[in-house]
Amino acid sequence: MQLKELLTDDRAVSPVIGVILMVAITVILAAVIGTFVLGLGDQVDENAPQASFDFDYSANGSFDGGSDDYVNVTHEGGETLEASTLNVTGDGSTILTEKTAFPSTISAGDGASYGNIDSGETVRIVWTNPNGGSTNTIARSTAPQ
């Protein structure tokens with residue numbers, strides 16, 4: 001009969017569950033508070049902006065009176081961006097030359113022109129997080145061959 005009494009005795013179940021729940025709540029609270037105290041919480045919401053860009057290439061066009069290939073980059077839609085956070089780069093051996101710059105605040109319809117584009121070169125628009133210095137490529141295109 002003692003075995004049957006052991007199986008039906010549930011007096012310690014409630015305190016054990018209570019202790020487990022208290023430990024779990026304490027661990028979760030410590031993680032959340034620690035994240036914000038260490039400053040990691042500020043970077044959680046700072047993802048790269050969502051924006052769409054159009055790249056219009058012109059081979060042997062008239063860029064600054066020369067015969068360099070150039071690209072017109074136009075903000076097609078998405079979030080409004082600050083020009084100070086963007087950098088337009090190419091992967092070729094020459095540095096892109098800025099013909100016309102983006103305005104300080106870039107919204108849909110705004111554009112800029114860049115020269116010294118090599119055929120087959122990939123042009124990237126790189127966004128730099130103003131609060132953390134991390135970078136993300138938000139648009140890219142390859143010049144025609």
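Here the structure is shown first, and the text comes after it.
Anyway, here's the lowdown on the structure attached to this text. (Residues numbered from 1 in each chain as written. Predicted model: local features only at pLDDT ≥ 70, side-chain atom pairs only at ≥ 80, totals over all residues. Heavy atoms only, no water.)

A look at the overall build of the protein chain
- Tallying secondary structure elements over the protein chain gives 2 helices and 9 strands in all.
- For the protein chain, the N- to C-terminal ordering of α and β elements is α-α-β-β-β-β-β-β-β-β-β.
- By residue count, 26% of the 145 residues in the protein chain fall in the buried class.
- Considering only contacts in the protein chain between residues 6 or more positions apart, those separated by 24 or more positions represent 56%.
- Carbon and sulfur atoms provide 54% of the accessible area of the protein chain, an area that totals close to 9600 Å². (Helix = DSSP H or I, 4+ residues; strand = E, 2+ residues; numbered from the N terminus. Buried < 20%, exposed > 50% of the residue type's maximum accessible area, 1.4 Å probe, protein only. Contact = heavy atoms within 4.5 Å. Areas by Shrake-Rupley, 256 points an atom, 1.4 Å probe, with all protein chains shown as cover.)

A closer look at the environment of Ala 59
- Its location among the elements puts Ala 59 in the loop between strand 1 (51-58) and strand 2 (70-78).
- For Ala 59 and Ala 143, which are 84 residues apart along the polypeptide, the C-alpha to C-alpha distance reads 9.1 Å.

Focus: the nonpolar core
- Grouped together as the largest cluster of nonpolar side chains are 21 residues, with contacts concentrated most on Phe 53, Phe 55, Val 73, Leu 86, Phe 102, Tyr 114 and Ile 125.
- At the level of secondary structure, the elements contributing two or more residues to this core comprise strand 1, strand 2, strand 4 (86-90), strand 7 (111-115), strand 8 (122-128) and strand 9 (135-142).
- For this core, the element with the most residues is strand 1, which contributes 4 residues. (Core = buried A, V, L, I, M, F, W, Y, C linked by side-chain atoms within 4.5 Å.)

Regarding the sheet that holds strand 8
- Taken in spatial order, the 3 strands make up an open sheet running 4-8-9, and their pairing is antiparallel. With one partner strand each, in any of the chains shown, strand 4 and strand 9 form the two edges of the open sheet. The mean inter-strand angle of the sheet, taken between neighbouring strand axes irrespective of direction, is 20°.
- In the sheet, strand 8 pairs with strand 9 via 7 bridges, with the strands oriented antiparallel. The residue bridging Trp 127 from the neighbouring strand is Asn 136, located in strand 9. (Pairing = 2+ DSSP bridges. Axes fitted to C-alpha atoms, helices over the stretch in contact; angles between N-to-C directions.)

Describing the sheet that holds strand 7
- The 4 strands lie next to each other as 1-2-7-5, forming an open sheet whose pairing is antiparallel. Only two strands of the sheet have a single partner each, and these edge strands are strand 1 and strand 5 (97-100). Neighbour-to-neighbour, the strand axes of this sheet turn through a mean angle of 30°, independent of strand direction.
- The pairing of strand 1 with strand 2 spans 8 bridges and is classified as antiparallel. Looking at the pairing, Ala 51 lines up with Gly 78 of strand 2.

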